[in-house]
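Coordinate inspection notes
The lines below spell out each chain.
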Amino acid sequence: MSYVDEVIKEVVERNPGEPEFHQAVKEVLESIRVVVEANEEQFRRDALLERLVNPERQIKFRVPWIDDNGNVHVNSGYRVQYNSAIGPYKGGIRLHPSVNFGIIKFLGFEQIFKNSLTGLPIGGGKGGSDFDPKGKSDREIMSFCQSFMTELCKYIGADTDVPAGDIGTGAREIGYMYGQYKRIKGVFEGVLTGKGLSYGGSLARTQATGYGLLYITDEMLKSKGISIEGKTVAVSGAGNVAIYAIEKAQQLGAKVVTCSDSNGWVYDPDGIDLAALKEIKEVKRARLTEYKNYRPNSEYHEGRGVWSIKVDIALPCATQNELHLEDAKALVKNGAIAVCEGANMPTTREATEYLMENGIFFLPGKAANAGGVATSALEMSQNSERLSWSFEEVDSKLKGIMVGIFHNIDNAARKYGFEGNYVVGANIAGFEKVVNAMNAQGIV
Ligand code: NDP
Ligand code: 2IT
């Protein structure tokens, strides 16, 4: 059995019941097979792949908190410090009832290669809790966040591990967590990113993932001689990534006709009304059923279906495994040209293969959504020098990074004979820097 297959087998056997983690490891290791085979003797000797797939450290802790009626609840908190070869652990905190070690490990593993692709000095990590923020009052959110940070603060720091937002964690949660960290540790340092602008946050971090997704999509299309202007776009999700993906797509002259949340989806043939969407989601924290009150011509559908609309470009921006084989078939049938992942691993393996086999340009999340963490790294730089850069400065750096990522993964794919396969290109390009650093630092 080849070294890659041996390690995949071991990961599946040793991590039972964690299908998302298996999926992420399989995709990466199979993509880098050509590099591993060229160095098989040395990699085996140094157990390079075993060290890559086993997190440096994983922490699970109890999070007790009190609701508004005085009832005590206990959730689980997680932090996986995956790989620090190229910098301090960096990655978001997900608050969602589905969170378990398998989910956090899949996200942390992806984060290693994504962070490497940014070209900035950040290692890979991820954290979260099975706490469900939906329907909770501000005070309950604060109670949870303070308890979560009371334990997490023992393991993080500006030079060791720097968490940020992800599903269920936005500016409000980061604020409460930051306040508690500062109170316990007594230091004002850049220990979290995605902070508010008045206490060390970076301009453009809120927009960064969505904007970055459009910058790299635009660059990829340009490389094929295609303009994004006038194209029709389907977006899934209605959170941080989706909203700012829609905003930048509209600024670039595209028409976005869908968005979704976990209950249903909206089709607005005239183009999504972004001000209405922001008010529903960012101000009222309400459901998408409200969208019709603002736009009587739009349709609201319960359940799945966002990929059934005829569009040129699909941007999945909600969650993992949300774009299935049947969705890929519908997109191909409807003449789509590109699928670019704003979320982490939103496209199933079978759907990804079907899309690429049918000539769809496919940008994987670890390249396409890297703008968020890249801008987090820029926030860390600003915190270190105790300065704040202008929106234009951060945004132009973000754009440069996304354009750079596209050419880096495009070149890596070509170099190894997989021209146009950006999954292979992203995994190899991300891996090469990490492996180089791991080799230089010895068996640790
Ligand atoms: P938000 O919490 O702001 O929004 C998530 C959106 O996705 C909501 O509309 C939510 O609907 C929907 N959603 C979440 N879980 C599910 C589910 N199981 N089924 C259907 N819909 C779901 O999160 P973000 O926008 O920050 O994150 C979205 C994706 O982007 C995630 O995969 C995240 O890991 C990834 N990402 C985020 C970055 C960031 O900077 N925030 C950076 C890079 C990637 P509902 O409200 O009903 O739950
Ligand atoms: O998946 C991701 O890259 C994020 N949730 C952002 C992580 C970060 O540290 O900004």
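This section reports on the structure supplied with the text. (Residues numbered from 1 in each chain as written. Chains lettered and ligands numbered in written order. Predicted model: local features only at pLDDT ≥ 70, side-chain atom pairs only at ≥ 80, totals over all residues. Heavy atoms only, no water.)

1. Digging into the site of ligand 2
As a matter of local geometry, ligand 2 sits amid 14 residues, with Lys90, Gln111, Lys114, Asp166 and Ser376 nearest to it. Lys90 places a side-chain nitrogen or oxygen 2.7 Å from an oxygen atom of ligand 2. Between Lys114 and ligand 2, the recorded distance is 2.7 Å, taken from a side-chain N or O atom to an oxygen atom. If ligand 2 stood free it would expose 300 Å²; the protein chains cover 94% of that surface. Listed by contribution, the elements that provide at least two residues to the shell around ligand 2 are strand E3 (89–95), helix H6 (101–117) and helix H16 (370–385). (Near = heavy atom within 4 Å. Polar contact = N/O pair within 3.5 Å; in protein donor to acceptor, adjacent residues only side chain to side chain. Areas by Shrake-Rupley, 256 points an atom, 1.4 Å probe, with all protein chains shown as cover. Helix = DSSP H or I, 4+ residues; strand = E, 2+ residues; numbered from the N terminus.)

2. With respect to the pattern of salt bridges
Inspection of every chain in the model, using the stated rule, returns 31 salt bridges. Residues Arg44 and Glu6 are paired through a salt bridge, measuring 3.2 Å at the closest nitrogen-oxygen approach. Linking Arg44 in helix H4 (residues 40–45) with Glu6 in helix H1 (residues 3–14), this pair joins segments that are 38 residues apart in sequence. Overlapping salt bridges, with partners in common, bring together Glu6, Glu40 and Arg44 in one network. (Salt bridge = Lys/Arg side-chain N within 4 Å of Asp/Glu carboxyl O.)

3. With respect to the sheet that holds strand E2 (residues 72–83)
Note: strands within a sheet are paired through backbone hydrogen bonds, in either parallel or antiparallel orientation. The strand order across the open sheet built from five strands is E1-E2-E4-E3-E5, with neighbouring strands paired in mixed fashion. Only two strands of the sheet have a single partner each, and these edge strands are strand E1 (57–66) and strand E5 (161–164). This sheet shows a mean twist of 20° between the axes of neighbouring strands, independent of strand direction. In the sheet, E2 pairs with strand E4 (residues 123–129) via six bridges, with the strands oriented antiparallel. (Pairing = 2+ DSSP bridges. Axes fitted to C-alpha atoms, helices over the stretch in contact; angles between N-to-C directions.)

4. Digging into the nonpolar core
Formed by 62 residues in total, the largest nonpolar core has its most connected members in Leu277, Leu315, Leu363 and Ile405. Those residues in contact with Leu277 that lie beyond four places of it in its chain are Ala238, Ile243, Ile246, Cys259, Ile272, Glu282 and Leu288. (Core = buried A, V, L, I, M, F, W, Y, C linked by side-chain atoms within 4.5 Å. Buried < 20%, exposed > 50% of the residue type's maximum accessible area, 1.4 Å probe, protein only. Contact = heavy atoms within 4.5 Å.)

5. Some details on helix H13 (residues 325–333)
Turning to H13, its buried residues are Asp327, Ala328 and Leu331. The arc that holds the buried residues of H13, viewed along the axis, is 100°, so those residues lie on one side. In H13, the exposed positions that point more than 90 degrees away from the buried face belong to Glu326 and Lys333. Directly beyond the C-terminal end of H13, a positive phi value near 80° is found at Gly335. (Arc of directions from axis to C-beta.)

By themselves these figures say nothing about function.
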